[in-house]
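This is what each chain is made of:
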Amino acid sequence: MDKKYILVKDTRRAGSNQTEHFAGLLAAKIQASPAAEAVQVVRAADIGFYDQGLVLKFLPGGPVYLNVSEADLDRVVRETVVGGRVLEDLAAAGTARQLRVVLRNCGVINPENLEEYIRRDGYRALSRALFEYTPDKVIEEFKKSGLRGRGGAGYPTWLKWHLTRSVPGAEKYVICNADEGDPGAYMDRSILEGDPHSVLEGMIIAGYAIGANHGYFYIRAEYPLAIERIGKAIEQARERGLLGTGILGSDFNFEVDIRLGAGAFVCGEETALIASIEGKRGTPRPRPPYPSVSGLWGKPTSINNVETFANVPVVMTRGGDWFAGIGTEKSKGTKVFAVTGKVKNSGLVEVPMGVTLRQIVFDIGGGVRSGKKIKAVQTGGPSGGVIPEDRLDTPVDYENLQKLGSIMGSGGMIVMDEDDCMVDIAKFYLGFCVEESCGKCAPCRIGTYQLLKILERISEGEGRSEDLDRLRLIAQAMQKASLCGLGQTASNPVLSTLNYFETEYREHIQAKRCRSFKCRDLLTYSIIQSKCKRCRQCFLNCPVQAISGDREVGFYIQLDKCIKCGKCFEVCKFNAIARE
Amino acid sequence: MKKWSKSDLDKIRASREPDRDWIKVGMSTCGIAAGAEAVFEYLRDEVARRGLPIEVKKCGCLGMCYAEPLVEVRAAGLPQVIYGQVNRELARLIVENHLVEKKLVSDHIYSFNREE
Ligand SMILES: Cc1cc2nc3c(=O)[nH]c(=O)nc-3n(C[C@H](O)[C@H](O)[C@H](O)COP(=O)(O)O)c2cc1C
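Just so it is clear, the model here is predicted, and its values are computed rather than measured.

Concerning the overall build of chain B
Then comes step 1: Along chain B, the regular secondary structure elements total four helices and six strands.
Then comes step 2: Starting at the N terminus, the α and β elements of chain B follow one another as α-β-α-α-β-β-β-α-β-β.
Then comes step 3: Each of the three principal axes of chain B carries a C-alpha extent, and together these read 50 × 30 × 30 Å.
Then comes step 4: Sorting the 116 residues of chain B into buried and exposed places 53% on the buried side.
Then comes step 5: Restricting the contact set of chain B to residue pairs at least 6 apart, pairs at least 24 apart contribute 60%.
Then comes step 6: Per element, the accessible surface of chain B, about 5,300 Å² overall, is 48% carbon and sulfur.
Then comes step 7: Averaging the coordinates of the 19 positive side-chain charges in chain B and doing the same for the 18 negative ones gives two points 6 Å apart.

Structure follows, in structure tokens:
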């Protein structure tokens, strides 16, 4: 008989971890059963379920039991371990699961081995396109699939290809946008590092569909490993005739080059990116004409995101209808999110469109790391906004996120808890945009700066009552008048925090209070003498010697020296530091 | 190097990989930043030193960045599992317990809810 394994984990959020206790108990009961030799009880570090009491997972292929009590253990051993029967009352019902379409090969294959990729159906889509489909039929398949661009705006991929194809001209280009510059986002990097051939294959197919013979990867120089791996993939493809003239024996020719970006956020914007490839300063220009009409070197150009391209081979091999079966009415397929911030399991998550934010954060992400209450989830980076706790049951798709005042963006998702101040968050993103604004148009150059100055003022306790209206006014002007997406969306972090958390703004302005204790200028620290045990920890740890006194007279914080770093508050074991 | 045709690709796909045991180490930026390179080198050398019939491979990011470095093990007779936050000491335990004694190592398995 094959050996069985039971993973054990106490997933309760509160209280002491009883994993060891339960695992020991279960092992002892199994020891005394007829199955003694055939089962190993193993303590898991993570069992894929959170806040579900004691969880048991039977391997290989067995059920998962949730909220198992000590009293259940006899039954579990008798019925499941010995008898091989599933206890339906304990078995986990379907919770949100990841679905790996884009990340199908990430972590599975060796990204530097072309044959491993081919064995996982790699370059099957390209063969099919070249030998079984006309370019128009390829585009038709993508129309059926409903695939939309993953770079932020969600433009239908088929339409972009169709438009680029329709423009007359023998010289056309495909560009892969791998500039990924949103703080907290790294989906594209991981795809390029973990499965470069899928992106390359997607790009070659796009070239075939629109009638382009040349492609460029535009990758930021901060991604050396991604550059190395995509470079190797290109070399391998060239050696084997997957790139070059007469690809796979067909009459299609395609070549690819890599261009490195210097890490300017604005160079992710398509017209700025094109300027950068042309060797010019990376600033946007007004559209129209769109790149599909006049792009790189003035030629029709389709520019697509890394994740968009990684979807392409799957749509071709499994069919547009299959792809359209995943997701919501208007947003098809899956989306990869980089879930970071105060979440327990930070990392990459790929889910079908339509899963709720709450499912992503709690069922997959494991909830808030600190156990504190979740305050909001930020999506879309500097172009996006915060979505408050009471909207987390919204199914994720392009339209829904926009309705909430945020955007899907490229897939950054930052979890925020009670310790995050919404004014501070808005300030962070605006600071980013001030740095990254290219300065070409006034609404963005001046608007971001003015927004930041007002936010700084509010966080320093100098806010004025008319500031909130002023923020809204500037934001509106920027949305309407900025040249590119950077300026048009840069105010989203301000507007969404203001929309959902106006009371927090008002507290800062009127009561000079920051409820998350983030805005330093609004805080005062003092020592509560009745609680102080005179252990000297604050005195020893203060980085600026702002605490005076000794064990005889007690310790006192000199407010004129205090930099409000919070170190004393952190190190005091007796809650004797007051923070107001 | 020989250029491939469509049928060459079909041949590669048809030639299934031999059904052998492997250890994969996640070696994307997140893994490397957390120390995956040292783990990979240790496993490769240790497996060679002991002459174990298992291949040590590199792969991309599995997605569970918080638990890097991640090591996935497929050894005949045991379920395929992922160990997280692997350091040299844990890598040694994986070799000794998982590969040699055929027992899963407690406290380090990260069992994620995902579908392929
Ligand atoms: C300021 C700014 C930065 C952008 N950065 C990126 C980026 O890093 N990656 C990306 O794919 N798209 C980025 N975009 C969107 C691109 O302009 C473009 O819409 C996208 O690459 C199109 O690809 P898709 O249709 O596959 O989504 C950015 C847009 C703006 C306005």
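Focus on the site of the ligand
Residue and element names in this part refer to chain A.
Then comes step 1: In the neighbourhood of the ligand, 18 residues make up the surrounding shell, with Gly151, Lys160, Glu180, Asn305 and Thr308 lying closest.
Then comes step 2: In the model, an oxygen atom of the ligand is placed 2.9 Å from a nitrogen or oxygen of the Glu180 main chain.
Then comes step 3: A distance of 3.0 Å is found between an oxygen atom of the ligand and a backbone nitrogen or oxygen belonging to Glu270.
Then comes step 4: Protein chains bury 90% of the 610 Å² of accessible surface belonging to the ligand in isolation.
Then comes step 5: In terms of residue count, the dominant contributor to the shell around the ligand is strand β9 (residues 301–305) (three residues).
Then comes step 6: Its residues assigned to classes, the shell around the ligand comprises three nonpolar, nine polar and six charged.

A look at the pairing of strand β14 (residues 412–417) of chain A
All names here are of chain A.
Then comes step 1: Across the six residues of β14, six count as buried, placing the element largely inside the fold.
Then comes step 2: Here β14 shows two buried faces, one formed by Gly412, Ile414 and Met416 and the other by Met413, Val415 and Asp417.
Then comes step 3: Where strand β10 (residues 334–341) lies against β14, four bridges are found, and the strand directions are parallel. Each bridged residue has a counterpart across the sheet, and for Gly341 the counterpart in β14 is Val415.

Examining the interface of chain B and chain A
Then comes step 1: On the chain A side, the residues contacting the 48 residues of chain B number 60 residues.
Then comes step 2: Summed over both partners, the interface of chain B with chain A comes to about 4,500 Å²; 51% of that surface belongs to carbon and sulfur atoms.
Then comes step 3: Here chain B and chain A share two salt bridges between them.
Then comes step 4: Across the salt bridge formed by Arg43 of chain A and Asp107 of chain B, the nearest N and O atoms sit 2.7 Å from each other.

Things to note about the domain arrangement of chain A
Then comes step 1: Considered domain by domain, chain A is made up of domain 1 (4–82), domain 2 (114–324), domain 3 (334–417), domain 4 (422–511) and domain 5 (523–579).
Then comes step 2: For domain 2 of chain A and domain 5 of chain A, the distance between their C-alpha centres works out to 58 Å.

Some points on the packing of aromatic side chains
Residues and elements named next belong to chain A.
Then comes step 1: Scanning all chains against the criterion turns up 11 aromatic pairs over all chains.
Then comes step 2: Seen in terms of ring centroids, Phe58 and Tyr65 are 5.3 Å apart; in terms of plane orientation they differ by 65 degrees. Their pairing is edge-to-face. Residue Phe58 shares its accessibility class with Tyr65, and that shared class is buried.
Then comes step 3: Here the aromatic rings of Phe265 and Phe432 are separated by 5.2 Å at their centres, their planes lie at 70 degrees, and the arrangement is edge-to-face. Of this pair, Phe265 sits in the loop between β8 (255–261) and α10 (270–277) while Phe432 sits in helix α15 (residues 422–436), and the two are 167 residues apart along the sequence. Here Phe265 and Phe432 have matching classes, each one buried.
Then comes step 4: Aromatic ring contacts, followed pair by pair, group Tyr208, Phe252 and Phe254 into a single cluster.
Then comes step 5: The ring of Tyr133 has Lys137 lying over it, and the distance from NZ or CZ to the ring centre is 4.2 Å.
Then comes step 6: The positively charged end of Lys335 is found above the aromatic ring belonging to Phe337, 5.7 Å away from the centroid.

Some thoughts on the nonpolar core
If you look at soluble globular proteins, the nonpolar side chains tend to sit buried side by side.
All names here are of chain A.
Then comes step 1: With 70 residues, the main nonpolar core has Tyr123, Val138, Trp161, Leu200, Phe217 and Phe254 as its most contacted residues.
Then comes step 2: Residue contributions to this core peak at nine residues, all from helix α8 (residues 196–210).
Then comes step 3: When residues of this core are assigned to domains, at least three map to each of domain 2 (114–324) and domain 3 (334–417).
Then comes step 4: With near-sequence residues (within four places) excluded, Val138 lies in contact with Ala129, Tyr133, Trp161, Ile205, Tyr208, Ala209 and Met316.

About the cut-offs
Residues numbered from 1 in each chain as written. Chains lettered and ligands numbered in written order. Predicted model: local features only at pLDDT ≥ 70, side-chain atom pairs only at ≥ 80, totals over all residues. Heavy atoms only, no water. Helix = DSSP H or I, 4+ residues; strand = E, 2+ residues; numbered from the N terminus. Buried < 20%, exposed > 50% of the residue type's maximum accessible area, 1.4 Å probe, protein only. Contact = heavy atoms within 4.5 Å. Areas by Shrake-Rupley, 256 points an atom, 1.4 Å probe, with all protein chains shown as cover. Lys, Arg positive; Asp, Glu negative; His and termini not counted. Charge placed at Lys NZ, Arg CZ, Asp CG, Glu CD. Near = heavy atom within 4 Å. Polar contact = N/O pair within 3.5 Å; in protein donor to acceptor, adjacent residues only side chain to side chain. Nonpolar A, V, L, I, M, F, W, Y, C, P; charged D, E, K, R; others polar. Pairing = 2+ DSSP bridges. Buried area = accessible area lost by both parts, 1.4 Å probe. Salt bridge = Lys/Arg side-chain N within 4 Å of Asp/Glu carboxyl O. Domains from an automatic or database assignment. Phe/Tyr/Trp six-rings, centres within 6.5 Å; stacked < 30°, edge-to-face > 60°. Lys NZ or Arg CZ within 6 Å of the ring centre and 35° of its normal. Core = buried A, V, L, I, M, F, W, Y, C linked by side-chain atoms within 4.5 Å.

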